[in-house]
Amino acid sequence: MIYSAEAIVLENRDYGEADLIVTYLTKEFGLLTLFAKSPRKIKSKFGSSLEPLTYSKIAFIGREERLQKIIQSDILYPFQKIRDNFKLYLMVSDTLNLIIKFLPKKEKNSELFHLLLHVLREVENSDKWENYNLFLKINILKILGYFPDMMHCGICRKSLQKESFYSKGFFLCKSCFLKNANHSKDKVDYKISFHFLKFLNSFSKWPISHLGRVKINEKLIKKVDSFIKEHMAMTIKL
Ligand SMILES: [Zn+2]
């Protein structure tokens, strides 16, 4: 059976002398790892279509439970500008790692596919990379269910008020925090600024077209970024 898909290359790894293992986010099958025979040879039919971030129409064969093989790959859009900009490329690749790590294989996720395609298209023509990257990061985690509810207490579900807390992967109201949190020396439970929470919530819902127009304070971007890092470290531990 021949399968076909619209696919964005998330990463590729050398395999043997001239082969590649390519990880894609596809529109039809979600996260897919496929095998490409000899793309590293000079006259390969694949050309540069297996490079990270390339958006292609691919065809592949093989039994589902085995590593399936790419037989055709035609570039729809290369996102070359992102690849040529090393700093931006590193930033985006780091974020795309979240998909590789947390999206179960072969689970179709149209929302995630369209989000990624849309953000890549826009970030290419913008200088507000940090905005796009942060937006992408938060929304990948939201779609995959790794981001805490920013509106309601993670225990009693009441709306979060001025005094809100972060505890072990959740935002909590004051009363649940006092009842349940472990108030030890480890810094995993703490009060969170309501402004910060409100910003997180509204930023995660911004229209994508907005991201290239608004300048966000650099400190705030760093704060959100380090919150996400901390939250992910915590979530993985639990
Ligand atoms: Zn509560």
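All of the points below concern the structure found in this document. (Residues numbered from 1 in each chain as written. Predicted model: local features only at pLDDT ≥ 70, side-chain atom pairs only at ≥ 80, totals over all residues.)

Turning next to the overall build of the protein chain. Looking only at helices and strands, the protein chain has seven helices and eight strands in total. C-alpha atoms of the protein chain, sized along the principal axes, occupy 65 × 40 × 30 Å. Split into buried and exposed, the 238 residues of the protein chain put 29% on the buried side. For the protein chain, the share of sequence-separated contacts (at least 6 apart) that also reach a separation of at least 24 residues comes to 54%. (Helix = DSSP H or I, 4+ residues; strand = E, 2+ residues; numbered from the N terminus. Buried ≥ 20, exposed ≤ 12 C-beta atoms within 10 Å, placed from the backbone. Contact = placed C-beta atoms within 7 Å.)

The subject of this paragraph is the sheet that holds strand β3 (residues 30–36). With mixed pairing, five strands are arranged side by side around a closed barrel as β1-β2-β3-β5-β4. Here the average twist between neighbouring strands, direction ignored, is 50°. Relative to β3, strand β2 (residues 19–26) is paired through seven bridges, and the arrangement is antiparallel. The residue bridging Ile21 from the neighbouring strand is Phe35, located in β3. Lying over the sheet, helix α2 (residues 86–102) contacts β1 (2–15), β2 and β3, oriented at roughly 115° with respect to β1. Most of the contacts of helix α3 (residues 110–123) go to β2, to which it runs at about 105°, and overall it touches β1, β2 and β4 (55–61). (Pairing = 2+ DSSP bridges. Axes fitted to C-alpha atoms, helices over the stretch in contact; angles between N-to-C directions.)

A sheet is described by the order of its strands in space; here three strands give the open sequence β7-β6-β8, paired in antiparallel fashion. Of all the strands in the sheet, just β7 (170–173) and β8 (189–192) have a single pairing partner and so form its edges. On average, each strand axis in the sheet is inclined to that of its neighbour by 35°, with strand direction left out of account. Bridge count for strand β6 (residues 164–167) against β7 is four bridges, and the pairing is antiparallel. Residue Ser164 lies in a different strand from β7, and its bridge partner there is Cys173.

Counting residues in hydrophobic clusters, the biggest one holds 52 residues, and the most contacted among them are Ile8, Val22, Tyr24, Leu25 and Phe135. Considering each element in turn, this core owes the most residues, seven residues, to helix α4 (residues 129–143). Setting aside anything within four residues of it in sequence, one finds Phe135 in contact with Val119, Phe203, Trp206 and Leu211. (Core = buried A, V, L, I, M, F, W, Y, C linked by C-beta atoms within 7 Å.)

This part covers the environment of Ile143. Position of Ile143 among the secondary structure elements: in helix α4. Classification of Ile143 as partly exposed rests on a count of 16 C-beta atoms within 10 Å. Spatially, the C-alpha atom of Ile143 lies 8.9 Å from that of Asn109, the residues being 34 residues apart in sequence. Discounting residues that sit within four places of it in the chain, Ile143 has contacts with Asn109, Glu111, Leu112 and Leu115.

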